[in-house]
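What follows is the residue order along each chain.
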Amino acid sequence: MSPTSPTAAAPSGPNGPTAPGPSRSTGPTAPATTSPAGRTAPSAAGSSLNAARRAHDLARATDGRTVDVLVVGLGATGAGAALDAAARGLDVVAVDAHDLAFGTSRWSSKLIHGGLRYLASGQLDVAHESAVERGILMERTAPHLVRAQPFVLPLTPMVSRAQATLAWAGFRAGDTLRLAARTARATLPAPRRLSAAETRHLAPALRPDGLRGSLLSWDGRVTDDARLVTALARTAAAHGARVLTRVRALDLTSTGARIRDELTGEEGEIRARAVINASGVWAGDLVDGVRIRPSRGTHLVLRSEHLGPLPAGLHIPIPGETNRFVLVLPQGDGRVYVGLTDEPVDGDIPDVPEVPETDIGFLLDVLGSVLDTPVHRDDVVGAFAGLRPLLDTPPTRPGAAPRTADISRRHAVLTSSVGVTTVVGGKLTTYRRMAQDAVDAAVTTHNLSAGPSPTATLPLVGAAGPRTLAAIRAPRRLVQRYGTEAEAVHALAEQAPHLAAPLLPGHPVTGAELLWAAHHEGALDESDLLDRRTRIGLIPEDRAQALAAVREIMDDALPRPN
């Protein structure tokens, strides 16, 4: 199979392929830095993903040699599996039919949570695992992307005193989980009760009538779930993995996969000693016997001005439920997300799920139950839905399938009759453990020579400790998205002032960030930039307004055909 980007394969340098790129400079390269765990995060040079590297790596992956591990799917779990295997010294190829974080991983609530909900339902192992993985992300592997998020649960007349007592006990139990997971108090503050005045200060949009105060709690939040996946994929690339987007796996076998380059239509074969199927809700399409029961989680997108200042997020109890909430999640970019639902999905699985009006109406009704000024349907400027790849479980009683809200979030690693390893279930927070378990199973099944997983202390691209991040000379917003690479992104804007301005009024993303994404983050077209490297595309009006400027930057960034 020949190289398939617009240019010929790039020559290989000490840090991977050298992109021919445009004539203009892509700016300085971010240096390697030391993470809180004392290990060195990879530099941009070795981790860069771009069109030229894709061409080079695809040619090598299909030249007849046999790699150790082929990973199918580049969501959080697939990218995590690629990193886990590569960090153990295995030869790895990872493919996705679309883009990094194209599926469920980009549609989450952006929470890295400690498992309080699972504790309440008696799933102690799932709750503890979630708390441990949250601490690993916040303190060791991705402190630049994951930080503490305060939440307020308003005690309105709809919340009885018994319900408030139960919720408070849950938050205290969640703090005990934090302690059991050995996450520092400085990382996640203790829950506490707030007066009505303190509550209104954190959430001025709340209706004051009958407000008795609130319960303040803390959890982890990722700046952007798609950025976490991008960091995983780039860190895997820095450890030698060949990360290939727009490459579809057509058939999985005991010796690899037949694949198709979605850019050219050309087909080929990737040979591998072990295959890991991490394709989420589509896992059953590639391996027989895998039964998935997808669950739709819908979020609304609002402009921040509709809710006013929101220093904290909101937990709004769902009427009639004891342990489910609608979340209000300020994003810091002029937008607020409101979600989420938990509804079963039947039939074929779409590439991009549609949001039904019933979900929108449900979320607006719950939100309106606590606001002083209600949010109307016309105020919803965007909406998105993700499909959770839940394991299909047998009914607890004849003729009654369990609600998707009640299906366990435990993950499972399954090995098919031909030796393909499939990982399903779980959630964004526990992607690392899911990836570790999948690689462990593949190593054992195929007798691969590899040591234990090192990823619990392996920093992702851009990771560093708080003092290092605080000293970076770049806007805070860039530090929270790029970590130690923020200075290099900022330098692009300083070198080319036309890249410094926001692409849209009221939205902070600049042209420099798009150029960085094309040269270092594997963006191949405008949809990669608008919908995954940034989240401009969540609001259709903003997407349309930014499209021309994005296309111009991509034309300059990508190499042209010979």
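As a reminder, the structure under discussion sits directly above these lines.
Residues numbered from 1 in each chain as written. Predicted model: local features only at pLDDT ≥ 70, side-chain atom pairs only at ≥ 80, totals over all residues. Heavy atoms only, no water.

Participant: Describe the packing of helix α5 (residues 124-141) against helix α11 (residues 431-446), listing the residues and the values that go with them.
Facilitator: Direction vectors running N to C along α5 and α11 enclose 105°, while the axes themselves pass 9 Å from each other. Put simply, α5 runs roughly perpendicular to α11. Mapping the contact onto sequence places E129, E133, I136 and L137 in α5 and Y431, R432 and R433 in α11. Of the residues contributing to the contact of α5 with α11, the split by class is 3 nonpolar, no polar and 4 charged. (Axes fitted to C-alpha atoms, helices over the stretch in contact; angles between N-to-C directions. Helix = DSSP H or I, 4+ residues; strand = E, 2+ residues; numbered from the N terminus. Parallel < 35°, antiparallel > 145°, perpendicular 65-115°, else oblique. Contact = heavy atoms within 4.5 Å. Nonpolar A, V, L, I, M, F, W, Y, C, P; charged D, E, K, R; others polar.)

Participant: If you had to explain the pairing of strand β16 (residues 313-317) to someone new, which residues and values would you point to?
Facilitator: Of all 5 residues in β16, 4 are buried; the element is thus mostly enclosed. Bridge count between strand β8 (residues 146-154) and β16: 2 bridges; the pairing is parallel. Paired with F151 across the strands is G313, a residue of β16. As paired elements, β16 and strand β17 (residues 325-330) share 4 bridges and run antiparallel to each other. Following the sheet pairing, P317 is matched in β17 by F325. (Buried < 20%, exposed > 50% of the residue type's maximum accessible area, 1.4 Å probe, protein only. Pairing = 2+ DSSP bridges.)

Participant: I'd like a description of the packing of α5 against helix α6 (residues 161-180), backed by residues and values.
Facilitator: Running from N to C, α5 and α6 cross one another at 60°; their axes reach a closest spacing of 9 Å. As the angle between them shows, α5 and α6 are arranged oblique. For the pair α5 and α6, the crossing hand works out as right-handed. Of the residues in α6, those touching α5 at A127, H128, A131 and R134 are L177, R178 and A180. (Left-handed = near helix turned anticlockwise from the far one by under 90°.)

Participant: Describe the pairing of β8, naming the residues involved and giving the relevant values.
Facilitator: Taking burial as the measure, the 9 residues of β8 include 7 buried ones, the bulk of the element. Pairing geometry for β8 and strand β10 (residues 214-222), over 9 bridges, is antiparallel. Paired with P150 across the bridge in β10 is W218.

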